[in-house]
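Report on the structure
Given next are the chains, with one letter for each unit.
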Amino acid sequence: MKKKIEHGALLQHNGTVTCLEFYSTAHLLSGAEDGLICIWNTKRWECLKSIKAHKGHVTSLSIHPSGKLALSVGTDKTLRTWNLVEGRSAFIKNLKQNAHIIKWSPSGEKYVTVITNKVDVYKLDTALITGTITTEKRISSLTFITDSILAIAGDDEVIRLYNCDSQKCLCEFKAHENRIKDIYSFEREGQHVIVTASSDGYIKMWNLDLNKNKDVPSLLCEVNTKARLTCLAVWFDQTSEIKENSDKAATSSQANEDEKSSIVRKKKVCWTDKNDKTAKRDRKITPEKQKLETLLQKKKKKLKSSE
């Protein structure tokens, strides 16, 4: 990204690539109109495995947080579960219609499929639908905010937050002046952020307070790309984040050292002050005391001489 150099090309597919998803920084999965799902090594951009996934087009895929499973949907009206460790099919479920989006929850305990304007919520352990969310418009994109909260963008200017368990709309707000094409969410330093892209050319970032999820998210920033946007991807600079964390740790460590040295200095000062006061008291000898000390010394000398 920094050098703006092309590192590789996905040449395994025979047709348009329809979906891409990274797992960490080492692997990339791609799906295409040829029905193939390919697993790529991102260091050398080698195709490690090519799977004939669907009889029609692959419309969407999603990787489980563990990296051991993947889900895919296609125009053959099937939902397929893949064992990525062995590179084979693990489960096939027939759908009544073609699904165009599939997504795992952050914990990997549930997943959702989108068919036109309907979101079906599945549980992993039973593979059964636990609830359905229906919107007025066709759904263009969705993202999990948490395991139980979904942000859904339809073919309009509004984003709606739904509870996956109750299927109730928590809140909705107008995000753009034109239809929203893609939506993404992430959490950083305890802050939940929603990123939206619209065909009006704007990319916006919103701050969501989960303690007040009925309130409209506040706008953090926006940029006008002056382009007709169709999709969105968010990239995190891990190097900068690591450096920032190390700088914070170094600052904290330095602050602790300064605090310790300050305590030591204070202790030394107190100790010195105390001795100084004692020394001053010792130095304050009255004339009477001096006479007594002189007499005592003379007596000691006489006793020694008599012996």
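Bear in mind that the values here come from a model prediction, so they are computed numbers and not experimental data. (Residues numbered from 1 in each chain as written. Predicted model: local features only at pLDDT ≥ 70, side-chain atom pairs only at ≥ 80, totals over all residues. Heavy atoms only, no water.)

1. What to know about the confidence of the model for the chain
Looking at the chain, pLDDT values average 83 and 75% of them are 70 or higher. Within the chain, no element has a lower average pLDDT than helix 1 (residues 238–283), which sits at 51, and none a higher one than strand 10 (residues 110–115), at 97. (pLDDT = per-residue confidence, 0-100. Helix = DSSP H or I, 4+ residues; strand = E, 2+ residues; numbered from the N terminus.)

2. Side note on the sheet that holds strand 7 (residues 78–83)
Across the sheet, which stays open at both edges, the four strands sit in the order 5-6-7-8 with antiparallel pairing between neighbours. Taken across any chain shown, the strands that pair with only one partner, and hence form the sheet edges, are strand 5 (58–63) and strand 8 (88–94). The average angle at which neighbouring strand axes cross in this sheet is 20 degrees, direction not considered. Inspection of the sheet shows strand 6 (residues 69–74) paired to strand 7 by five bridges, in the antiparallel sense. Paired with Leu 69 across the bridge in strand 7 is Asn 83. (Pairing = 2+ DSSP bridges. Axes fitted to C-alpha atoms, helices over the stretch in contact; angles between N-to-C directions.)

3. With respect to the nonpolar core
Within the largest apolar cluster, 14 residues are counted, with the highest numbers of intra-cluster contacts made by Ile 145, Ala 151, Ile 159, Leu 161, Ala 175, Ile 183 and Ile 194. Elements supplying a minimum of two residues to this core: strand 14 (149–154), strand 15 (158–163), strand 16 (169–174), strand 17 (180–188) and strand 19 (202–208). With three residues, the single largest contributor to this core is strand 14. Setting aside residues up to four positions removed in sequence, Ile 145 forms contacts with Ala 151, Ser 185, His 192, Ile 194, Leu 208 and Leu 210. Val 114, Leu 142, Phe 144 and Leu 150 belong to the second-largest nonpolar core, a separate cluster that totals 13 residues. (Core = buried A, V, L, I, M, F, W, Y, C linked by side-chain atoms within 4.5 Å. Buried < 20%, exposed > 50% of the residue type's maximum accessible area, 1.4 Å probe, protein only. Contact = heavy atoms within 4.5 Å.)

4. Topic: the packing of aromatic side chains
In total, this model carries three aromatic pairs according to the counting rule given. Between Trp 104 and Tyr 111, the aromatic rings sit 5.3 Å apart at their centres with planes inclined by 70 degrees, giving edge-to-face as the arrangement. Since its relative accessible area comes to 3%, Tyr 111 is described here as buried. With a centroid separation of 5.0 Å and an interplanar angle of 10 degrees, the aromatic rings of Tyr 111 and Tyr 122 are classed as stacked. Taken as a pair, Tyr 111 in strand 10 and Tyr 122 in strand 11 (residues 118–123) lie far apart in primary sequence, eleven residues in all. An identical accessibility class is assigned to Tyr 111 and Tyr 122; each is buried. Taken together, the ring pairs connect Trp 104, Tyr 111 and Tyr 122 into an aromatic cluster. Stacked on the ring of Tyr 202, the Lys or Arg Lys 204 has its end atom at 5.8 Å from the ring centre. (Phe/Tyr/Trp six-rings, centres within 6.5 Å; stacked < 30°, edge-to-face > 60°. Lys NZ or Arg CZ within 6 Å of the ring centre and 35° of its normal.)

5. A few points about the environment of Ala 127
Within the fold, Ala 127 resides in the loop between strand 11 and strand 12 (129–134). Spatially, the C-alpha atom of Ala 127 lies 9.2 Å from that of Tyr 111, the residues being 16 residues apart in sequence. Setting aside its immediate chain neighbours within four residues, Ala 127 contacts Phe 91, Lys 93, Tyr 111 and Tyr 122.

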